[in-house]
Amino acid sequence: MRNFDRQSPLTAFEALQSQPNSLLIDCRTRAEWVYVGVPVLPDSPQKTAFIEWVDTTGQPNPNFLSTVSQITNTDTPLYLICRSGVRSAAACQLLAASGFTKLINIENGFEGDVDPSGHRANINGWKYCNLPWAQS
């Protein structure tokens, strides 16, 4: 059962820019942040929280929920993003089950689906939409 909304990267980006109390949570791995890049919210008072859903070995982060709970309230609009939208959807499920009420999964994530050549960011996702991002 899904207890969260879904939005395209462009819709989510615009909403994050217009909602001063919203928060973007990038739940990819540290390696992805460093080697693939990170979403950027320019000219915006919002901040992006970087909280791994799983580590580079695929092990769940046992501190995910407590970390989110320490930095925000259950009624804050939270926008979650991962590589393709799968991990962020799972994170939304956990947060919804834990009492968070305004959850949005960013569809297709930061890099999007794999194209016929096996590459990402060529079909959909944050980078494909030419939204602001930075390489660490």
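For the structure itself, consult the block above.
These lines cover the structure that appears in this document, whether it is placed above or below. (Residues numbered from 1 in each chain as written. Predicted model: local features only at pLDDT ≥ 70, side-chain atom pairs only at ≥ 80, totals over all residues. Heavy atoms only, no water.)

## Concerning the overall build of the chain
When helices and strands are counted, the chain shows four helices and seven strands. Tracing the chain from N to C terminus, the helices and strands come up as β-α-β-α-β-β-α-β-α-β-β. Expected size for 136 residues packed as a compact globule is a radius of gyration near 14 Å; at 14 Å, the chain falls within 12% of this value. Each principal axis of the C-alpha atoms in the chain carries an extent, and together these give about 40 × 35 × 30 Å. For the chain, buried positions account for 46% of its 136 residues. Pairs at least 24 residues apart make up 66% of the contacts formed inside the chain by residues separated by at least 6 positions. Looking at charge distribution, the chain has the averaged site of its 10 positive side-chain charges lying 3 Å from that of its 12 negative ones. (Helix = DSSP H or I, 4+ residues; strand = E, 2+ residues; numbered from the N terminus. Rg over C-alpha atoms; globule rule 2.2 N^0.38 Å. Buried < 20%, exposed > 50% of the residue type's maximum accessible area, 1.4 Å probe, protein only. Contact = heavy atoms within 4.5 Å. Lys, Arg positive; Asp, Glu negative; His and termini not counted. Charge placed at Lys NZ, Arg CZ, Asp CG, Glu CD.)

## Some thoughts on the pairing of strand β6 (residues 103-106)
Of the two faces of β6, the one carrying L103 and N105 and the one carrying I104 and I106 are both buried. Summarising the sheet, strand β1 (residues 5-7) and β6 pair through three bridges and their orientation is parallel. The residue bridging D5 from the neighbouring strand is I104, located in β6. Pairing of strand β5 (residues 78-81) with β6, which is carried by three bridges, proceeds in the parallel orientation. For L80, the partnering residue across the bridge sits in β6 and is N105. (Pairing = 2+ DSSP bridges.)

## Let's talk about the packing of helix α3 (residues 64-71) against helix α4 (residues 86-97)
In contact at an axis separation of 11 Å, α3 and α4 are set at 65° when each is read in the N-to-C sense. Judged by the inter-axis angle, α3 sits roughly perpendicular to α4. The two elements α3 and α4 meet at a crossing, and its hand is right-handed. Contact with α3, carried on its side by F64, L65 and V68, involves A91, L94 and L95 of α4 and no other residues of that element. Here the residues of the contact of α3 with α4 are counted per class, giving six nonpolar, no polar and no charged. (Axes fitted to C-alpha atoms, helices over the stretch in contact; angles between N-to-C directions. Parallel < 35°, antiparallel > 145°, perpendicular 65-115°, else oblique. Left-handed = near helix turned anticlockwise from the far one by under 90°. Nonpolar A, V, L, I, M, F, W, Y, C, P; charged D, E, K, R; others polar.)

## Some thoughts on the sheet that holds strand β2 (residues 23-26)
Ordered in space as β1-β6-β5-β2-β4, the five strands form an open sheet in which the pairing is parallel. Edge positions in the sheet fall to β1 and β4 (48-50), since each has one partner strand and no second. Direction aside, neighbouring strands of the sheet carry axes that sit 30° apart on average. Across four bridges, β2 lies against β5 in parallel orientation. Directly across from D26, in β5, lies its bridge partner I81.

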